[in-house]
Amino acid sequence: MPDSPSSTETLVLLLTQHQEALFRYIFSLVPKEADARDILQETSLALYRKLDQYDATRPFLPWAYRFAYLQVQKYREKSAHSPLLFSEDVMDLLASERTHIEPQLDERLRLLDGCLQKLTAQDQELVTSRYALRQSAEEMMSRFSLSRRTLFRNLELLRQRLHECVTRQLQTEGLT
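Presented here is an overview of the structure given in this document. (Residues numbered from 1 in each chain as written. Predicted model: local features only at pLDDT ≥ 70, side-chain atom pairs only at ≥ 80, totals over all residues. Heavy atoms only, no water.)

### Considering the layout of surface pockets
For step 1, the next point in the chain: In this structure, the largest pocket encloses a volume near 1000 Å³.
For step 2, the next point in the chain: If you trace the largest pocket, you find 32 residues lining it, with R24, R108, L109, L112 and D113 closest to the centre.
For step 3, the next point in the chain: Of all the elements in the fold, those that place two or more residues in the lining of the largest pocket are α1 (7–27), α2 (33–49), α4 (88–117), α5 (121–132) and α7 (148–172).
For step 4, the next point in the chain: At 9 residues, α4 tops the list of elements feeding residues into the lining of the largest pocket.
For step 5, the next point in the chain: Each residue belonging to the lining of the largest pocket can be placed in one class, and the counts come to 15 nonpolar, 7 polar and 10 charged. (1 Å grid on protein atoms, 1.4 Å probe; cavity = no way out; pocket = protein on both sides within 12 Å on 5 of 7 lines; lining within 4 Å. Points joined across faces, edges and corners; volume = space filled by probe spheres on them. Helix = DSSP H or I, 4+ residues; strand = E, 2+ residues; numbered from the N terminus. Nonpolar A, V, L, I, M, F, W, Y, C, P; charged D, E, K, R; others polar.)

Shown next, in the form of structure tokens:
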């Protein structure tokens, strides 16, 4: 096995490490998750094609964001007729703001993980089913034997508790 990884291996490692952040960035700029996933694939391909231009002394994620932004632009050109697209100015603003607040978003995600661990097993399962597994309300109503009203009330209460927990943690750690 070679001492240093090949450029392809390096890219695979970098993409694996930063895939979630890159996806969140893209999804903040397009309205549909499926489109964001497609754009992520196109971005990965573009990064592979241009890997020789990457300066390994600089952070990978800002470099990858530029490629993602260009792929979102291509998507916008293909989907120009869609009423769900942001205007160019709004998209530029979102992209710029997203880059600036990335560290805070990562910190909030870290704290959210801790707050999720404080929930009961059933509440964790409820949150996971809805937000990680993306189960439909009907599936969840059947699985948890809940009425629609109770399900959505419980989810809203859990969202509030998690938000309050993250906010408290931010204050406790002096990050607000």
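### Details of the packing of α1 against α2
For step 1, the next point in the chain: Between α1 and α2, whose axes approach to 10 Å, the crossing angle comes to 150 degrees. In this view, α1 runs roughly antiparallel relative to α2, as classed from their interaxial angle. Here α1 and α2 pass one another in a crossing that is right-handed. In this structure, α1 uses T8, L11, L15, Q19, L22, F23, I26 and F27 to contact α2, whose residues at the interface are E33, A36, R37, I39, L40, T43, S44, L47 and Y48.
For step 2, the next point in the chain: Looking at side-chain class alone, the contact of α1 with α2 contains 11 nonpolar, 4 polar and 2 charged residues. (Axes fitted to C-alpha atoms, helices over the stretch in contact; angles between N-to-C directions. Parallel < 35°, antiparallel > 145°, perpendicular 65-115°, else oblique. Left-handed = near helix turned anticlockwise from the far one by under 90°. Contact = heavy atoms within 4.5 Å.)

### Concerning the nonpolar core
Where a protein is soluble and globular, its nonpolar side chains tend to be buried together.
For step 1, the next point in the chain: Counting residues in hydrophobic clusters, the biggest one holds 29 residues, and the most contacted among them are L22, Y25, I26, L47 and F60.
For step 2, the next point in the chain: Secondary-structure elements contributing two or more residues to this core are α1, α2, α3 (60–78) and α4.
For step 3, the next point in the chain: Examining the composition of this core, we find that 10 residues originate from one element, α3, more than from any other.
For step 4, the next point in the chain: By size, the runner-up hydrophobic cluster in this structure holds 16 residues, among which are L155, C165, V166 and L170. (Core = buried A, V, L, I, M, F, W, Y, C linked by side-chain atoms within 4.5 Å. Buried < 20%, exposed > 50% of the residue type's maximum accessible area, 1.4 Å probe, protein only.)

### Some words on unusual backbone geometry
For step 1, the next point in the chain: One non-glycine residue, R134, lies in the positive phi region at around 55 degrees.
For step 2, the next point in the chain: Tracing the backbone through its elements, the reader meets R134 in the loop between α5 and α6 (137–144).
For step 3, the next point in the chain: If you check the backbone angles, S145 has positive phi at about 55 degrees while not being a glycine.
For step 4, the next point in the chain: Structurally, S145 can be placed in the loop between α6 and α7.
For step 5, the next point in the chain: Judged by relative accessible area, S145 falls into the exposed class, the value being 65%.

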